[in-house]
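Working through the structure, step by step
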Amino acid sequence: MVKKLKKIDLWIVIPYILLLGIGIVMVYSASFYNTLMAGGKTDQYLIKQAVFAGVGLFLCYFCFILKAKFFRKRVAIKYALLFTILSLASLPILGKIFPSLRVNGAVAWIPMGPFGNYQPLELAKLVLILYLAFVLTSKQERLLSYQNWKEVGFEVLPPILVVGMIVFLLLIQPDFGGAIVISLITWVLLGASTIPGKYIVRLSTALAAFLGLVIFMILKLAPSIITSHYQYKRILAMQHPFKWEQQAGAQLVNSFYAISNGGIFGVGLGNGIQKRGYLPEPHTDFILAVISEELGLVGDVVVLGLLAIIIFRIILIGIRAKKNYNALVCYGVATMLLTQVILNVGGLLSLIPLTGVTLPFISYGGSSMLILSIALGIVLNLDATTKFERTG
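The paragraphs below set out a description of the structure included in this document. Computed from a predicted structure; not experimentally measured.

**Considerations on empty space enclosed by the protein**
- If you walk through the whole model with that rule in mind, you get 1 cavity of 30 Å³ or more.
- Space inside the largest cavity adds up to approximately 30 Å³.
- For the largest cavity, the full set of lining residues is T358, L359, P360, F361, S363, G365, S368 and M369.

Set out below in structure tokens:
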């Protein structure tokens, strides 16, 4: 165990721990005022986030010390995937039985009593990475030797159907942000597998054309079934946030004010104005706006820089990996992190519609924190095991 610890990648561990600390502080700063006004304890989110961070750190270490072959067990992956799909399928049912669970028309959490809420999407991301890495690795020799689309399609159809089922269950919630993350993870892992590049290009072109057509129809035709939905209003708010300031654009406009107020060095930790009843849920989706206002551009650079170090380090580990399975897991985890950062930051800057995707390790939330910590633990485990096998 001591020998394995010596092989741990500090370029991931140190930024990870720093982000946990920053997240705890900023969650408290972003939440205390609204909690006080609501008559609650000002430190309730601070305590919960600290507990999430502590448990996440433990799970990261636990996954690091396990034998690496555990994450390739067919039975474990199969049951984890089944549990994930059943959890996602239960969300619409829960929404019908308990309408109060709906937030902005979507049901994304399963109440777990004193343990808080469980978000199946977060588990789905990690389980899908392990599943696709396992399946594509087990088929790698056959995929490499095939010379026509029919043979390749026969091999990749089962995992594609599984992904399609998960994306469908996310879309009917509806959770477009989650569907985007899952789709991009799948696309990257397929592209990094041994499937011949020409087939990946054809598939990507077809999917891009289909997506472009759907977006065009939404923006131009705007049928009433879509225009009445809050997701469509978010698209309009992205295009003209100040025009929709009194409706769907309120979040973006107040985010802009927070960023503008902060400038380069910020107004000081705890001194932000927009978190005081203007920004909705400032401790979750819009926590980067709070960081912008209180710590300025410098704070943003530090947070995003630490995330960038982790992401690029994981990619580098994937590139250096000797085993294709290890590489695919690393690319999947890096894609998961990078996509969430892009969706969160892009939404705040009105570059893309708001999706409700949180900022990794910073935003308040247990499901995201724990799953991302487990994902880092797995990456660190695979990397350390490879180093130990190589050098002893």
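So, next bit.
**So, the side chain of T339**
- Its location among the elements puts T339 in helix α14 (residues 324-348).
- In this structure T339 comes out as buried when scored by relative accessible area, which is 7%.

**What about the packing of helix α5 (residues 120-138) against α14?**
- Direction vectors running N to C along α5 and α14 enclose 150°, while the axes themselves pass 9 Å from each other. By the angle between their axes, α5 is roughly antiparallel relative to α14. Here α5 runs over α14; the crossing is right-handed. Contact with α5, carried on its side by E122, K125, I129, L130, A133, F134, L136 and T137, involves N324, Y325, L328, V329, G332, V333, M336 and Q340 of α14 and no other residues of that element.
- Looking at the contact of α5 with α14, its residues break down into 10 nonpolar, 4 polar and 2 charged.

**Quick look at helix α8 (residues 176-192)**
- An ideal rise of 1.5 Å per residue puts 24 Å on 17 residues; α8 measures up with 24 Å between its terminal C-alpha atoms.
- The set of residues buried in α8 consists of G177, G178, A179, V181, I182, I185, T186, L189 and L190.

**Some points on the nonpolar core**
- Counting residues in each nonpolar core, the largest one holds 103 residues, and the members touching the most others are I314 and F361.
- Not counting residues up to four positions away in its chain, the partners in contact with F361 are Y16, L19, L20, G23, Q49, L307, L337, M369, L372, S373 and L376.

**Brief notes about the packing of aromatic side chains**
- Evaluated as defined, the whole model comprises 7 aromatic pairs.
- Between Y16 and F361, the aromatic rings sit 5.3 Å apart at their centres with planes inclined by 70°, giving edge-to-face as the arrangement. Note that Y16 is positioned in helix α2 (residues 10-37) and F361 in the loop between α14 and α15 (366-391), a separation of 345 residues in sequence. Each of the two residues, Y16 as well as F361, counts as buried.
- One aromatic cluster is present, formed by Y45, F52 and Y364 through successive ring pairs.
- In this structure, R72 is placed above the aromatic ring of Y325, and the distance from its NZ or CZ to the ring centre is 4.5 Å.
- Sitting above the plane of the Y79 ring, K78 keeps its charged end 5.4 Å from the centroid.

**Considerations on the packing of helix α13 (residues 287-320) against α14**
- Between α13 and α14, the shortest axis-to-axis distance is 9 Å and the interhelical angle comes to 160°. Considering the angle they form, α13 stands roughly antiparallel to α14. The handedness of the crossing between α13 and α14 is left-handed. Between α13, through L288, A289, L304, L307, I310, I311, I314, I315, I317, G318 and I319, and α14, the contact on the second element is made entirely by A327, C330, Y331, V333, A334, L337, L338, V341, N344, V345 and L348.
- For the contact of α13 with α14, a count of residues per class yields 20 nonpolar, 2 polar and no charged.

**Quick notes on the pattern of salt bridges**
- Here the structure, examined in full by the defined rule, presents 4 salt bridges.
- One salt bridge in this structure joins D9 and R313, with 2.7 Å as the shortest N-O distance. Taken together, the positions of D9 in the loop between α1 (2-5) and α2 and R313 in helix α13 put the pair 304 residues apart, joining distant regions of the chain.
- Using a relative accessible area of 4% as the deciding quantity, one classes D9 as buried.
- The partner of K275 in a salt bridge is E294, and the shortest N-O contact between them spans 2.6 Å. You can see K275 sitting in the loop between α12 (250-262) and α13 and its partner E294 sitting in helix α13, a full 19 residues away along the chain.
- Residue K275 is classed as buried on the basis of its relative accessible area of 1%.

**A closer look at α13**
- Its 34 residues give α13 an end-to-end C-alpha distance of only 34 Å, which falls more than 12% under 50 Å, the value for a rise of 1.5 Å per residue.
- Approximately 130° is the largest bend angle found in α13, and it occurs at L295.

**Considerations on unusual backbone geometry**
- The phi torsion at F361 lies on the positive side, around 70°, for a residue other than glycine.
- Take F361: its relative accessible area is 1%, and that puts it in the buried class.

Conventions and cut-offs
Residues numbered from 1 in each chain as written. Predicted model: local features only at pLDDT ≥ 70, side-chain atom pairs only at ≥ 80, totals over all residues. Heavy atoms only, no water. 1 Å grid on protein atoms, 1.4 Å probe; cavity = no way out; pocket = protein on both sides within 12 Å on 5 of 7 lines; lining within 4 Å. Points joined across faces, edges and corners; volume = space filled by probe spheres on them. Helix = DSSP H or I, 4+ residues; strand = E, 2+ residues; numbered from the N terminus. Buried < 20%, exposed > 50% of the residue type's maximum accessible area, 1.4 Å probe, protein only. Axes fitted to C-alpha atoms, helices over the stretch in contact; angles between N-to-C directions. Parallel < 35°, antiparallel > 145°, perpendicular 65-115°, else oblique. Left-handed = near helix turned anticlockwise from the far one by under 90°. Contact = heavy atoms within 4.5 Å. Nonpolar A, V, L, I, M, F, W, Y, C, P; charged D, E, K, R; others polar. Expected span 1.5 Å × (residues − 1). Core = buried A, V, L, I, M, F, W, Y, C linked by side-chain atoms within 4.5 Å. Phe/Tyr/Trp six-rings, centres within 6.5 Å; stacked < 30°, edge-to-face > 60°. Lys NZ or Arg CZ within 6 Å of the ring centre and 35° of its normal. Salt bridge = Lys/Arg side-chain N within 4 Å of Asp/Glu carboxyl O. Bend = angle between axes of the 7 residues up to and from the residue.

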